[in-house]
Amino acid sequence: MRKYSEVMNEIESRIIDGTFRGGQKLPSIRELSNRYACSKSTVIRAYTELEKRHLVYTVPQSGYYAVLMKPDPEHDPNRTVLDFSSASPDPKLFPYLDFQHCLNKAIDMYRNDLFNYGTPQGLPSLLHVLRKHLTDHQVFARTDQLMITTGVQQALAILSTMPFPSGKHTVLLEQPCYHLLIRLLETQGVPVQGITRTEHGIDLNQLEHLFRTGEIKMFYTIPRFHNPLGTSYSENTKKAIAELAKRYNVYVVEDDYLADVETDAKSDPIYSYAPSHVVYLKSFSKILFPGLRLGGVVLPPALFETFSLYKQLADIDSSILSQAALEIYIQSGMFERRRHKIVSTYRDRMLLLNRALNVFNDTESVHHAPDCTGVHTHIVLPERLHIPTLLKRLNQKKIILKNIDHSFIATFDKLPILKLSITRVEEDQIEEGIRILFEEIKRMHR
């Protein structure tokens, strides 16, 4: 090991373990030079590298000081909670240093742009990168159809309130569905209808009836790795939805938030079958991190101008710095390397989850969807089993699950469903967690 790396490692370790607290003055250059029998320039190089990594800072004519470190609960040795409820990506799978380089490069490359407002559509160079990126998901669109938003949530807020060419106002939702969209629509007073979705899909005859007779301006759907069910539509179902959208002039809003974890190369989005009637939403929150707050939208020409106006009035433009960093991250190949890593990890965890469900669910009163992929699945419980009590008992055993009642609109009957996510559960914890879950279910169901 090189001498400067040895110095770096010691200082870094002592900052992380709390020996050096935030704001504390660090050993002087002369002190470390004597301790490690090295030149002062070697110590200066070590401190310079630590400063680049935002672990230390320098005060002129005073010395070097430790940066405040935020405690990380993930590294708490006493932390034994198994969280099957989280939808957030696993932070341990994210290469922070790589993205930090991208942020630093973005500041350097776009230093002048940071002092100007951008455009509602997004950073032009990122739009070109996004267009190429989307072709991997069988989404072929022109750059002038793309829009960068401050997360997919902003795109949903705009689509929910903006007028559509049909003049209709009702939003059709799968039931259950993404709970924050339900809250958004309720808060905005937007008319809502629901259509039942199960692991087997939806009733296409009912969908046609609603498209034909209702005041449906848009149908929001998560065809791939549905939230909260975890299941996906068949290709025939996606083709049928596309055909109905074109026939009855209804726009489909396709939330493909987990497209990057798909392992089936033959699985295409609804957009590929009806680009004129599908708004395609692309999220980076689950494959990178929610704090990035960037999403991509592919808009049919008839909706683009109105969407752009609403976007501009909402926030002028999305963060230029985040956009530039994402562009560099994708262009450099870092994104694809991370994607392969996270897909491999989540695939292994889902295999273990499916296996554990098959082993421990030996009761006919509980149903689980067979062999789900993605990052989550669900179980259907007996109706007479009191879910809040089950969740409380599991919590006492440090197993965290959440009720999904909030995933249903007020006019729909709530179903006894629990969502099981693997993004925050280690491989060696999955079997034990599922074993405890079914032990508690059996105790309550006797």
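Residues numbered from 1 in each chain as written. Predicted model: local features only at pLDDT ≥ 70, side-chain atom pairs only at ≥ 80, totals over all residues. Heavy atoms only, no water.

## Topic: the overall build of the protein
Item 1. A tally of regular secondary structure across the protein gives 14 helices and 15 strands.
Item 2. For the protein, the C-alpha atoms occupy an extent of roughly 80 × 60 × 40 Å along the three principal directions.
Item 3. For the protein, the residues scored as buried account for 51% of the 446 residues in total.
Item 4. Long-range contacts, defined here as pairs at least 24 residues apart, represent 75% of the contacts in the protein between residues at least 6 apart.
Item 5. Carbon and sulfur atoms form 51% of the exposed surface of the protein, whose accessible area is close to 21,200 Å².
Item 6. Charge-centre separation for the protein: the mean point of 54 positive side chains lies 5 Å from the mean point of 51 negative side chains. (Helix = DSSP H or I, 4+ residues; strand = E, 2+ residues; numbered from the N terminus. Buried < 20%, exposed > 50% of the residue type's maximum accessible area, 1.4 Å probe, protein only. Contact = heavy atoms within 4.5 Å. Areas by Shrake-Rupley, 256 points an atom, 1.4 Å probe, with all protein chains shown as cover. Lys, Arg positive; Asp, Glu negative; His and termini not counted. Charge placed at Lys NZ, Arg CZ, Asp CG, Glu CD.)

## Structural notes on the sheet that holds strand β5 (residues 170–175)
Item 1. Taking strand neighbours across the sheet as the criterion, the 8 strands line up as β4-β11-β10-β9-β8-β5-β6-β7 in an open arrangement whose pairing is mixed. Two strands in the sheet have a free side with no partner beyond their single neighbour: β4 (146–149) and β7 (201–202).
Item 2. Pairing between strand β10 (residues 278–283) and strand β11 (residues 295–298): 4 bridges, direction antiparallel. Along β11, the bridge assignment pairs S283 with G295.
Item 3. This element, helix α10 (residues 301–315), spans β4, β9 (251–255), β10 and β11 of the sheet and lies at about 25° to β4. (Pairing = 2+ DSSP bridges. Axes fitted to C-alpha atoms, helices over the stretch in contact; angles between N-to-C directions.)

## Some thoughts on helix α5 (residues 124–135)
Item 1. A rise of 1.5 Å per residue sets the reference length of α5, with its 12 residues, at 16 Å; its end C-alpha atoms lie 17 Å apart and thus fit the reference within 8%.
Item 2. Regarding α5, the residues found buried are L126, L127, V129, L130, H133 and L134. For α5, the angular spread of the buried residues around the axis is 165°, confining them to a single face. Residues of α5 that are exposed and point more than 90 degrees away from the buried face comprise P124 and K132. (Expected span 1.5 Å × (residues − 1). Arc of directions from axis to C-beta.)

## Topic: unusual backbone geometry
Item 1. Looking along the chain, the bond that leaves Q175 and enters P176 is cis, with omega of 5°.
Item 2. Summarising the element assignment, P176 is placed in the loop between β5 and α7 (179–188).
Item 3. At the junction of N227 and P228, the peptide bond is cis and its omega measures out at 20° in the coordinates.
Item 4. Note on placement: P228 falls in the loop between β8 (216–221) and α9 (235–248).
Item 5. Here the phi dihedral of I316 falls at roughly 65°; this positive angle occurs in a residue that is not glycine.

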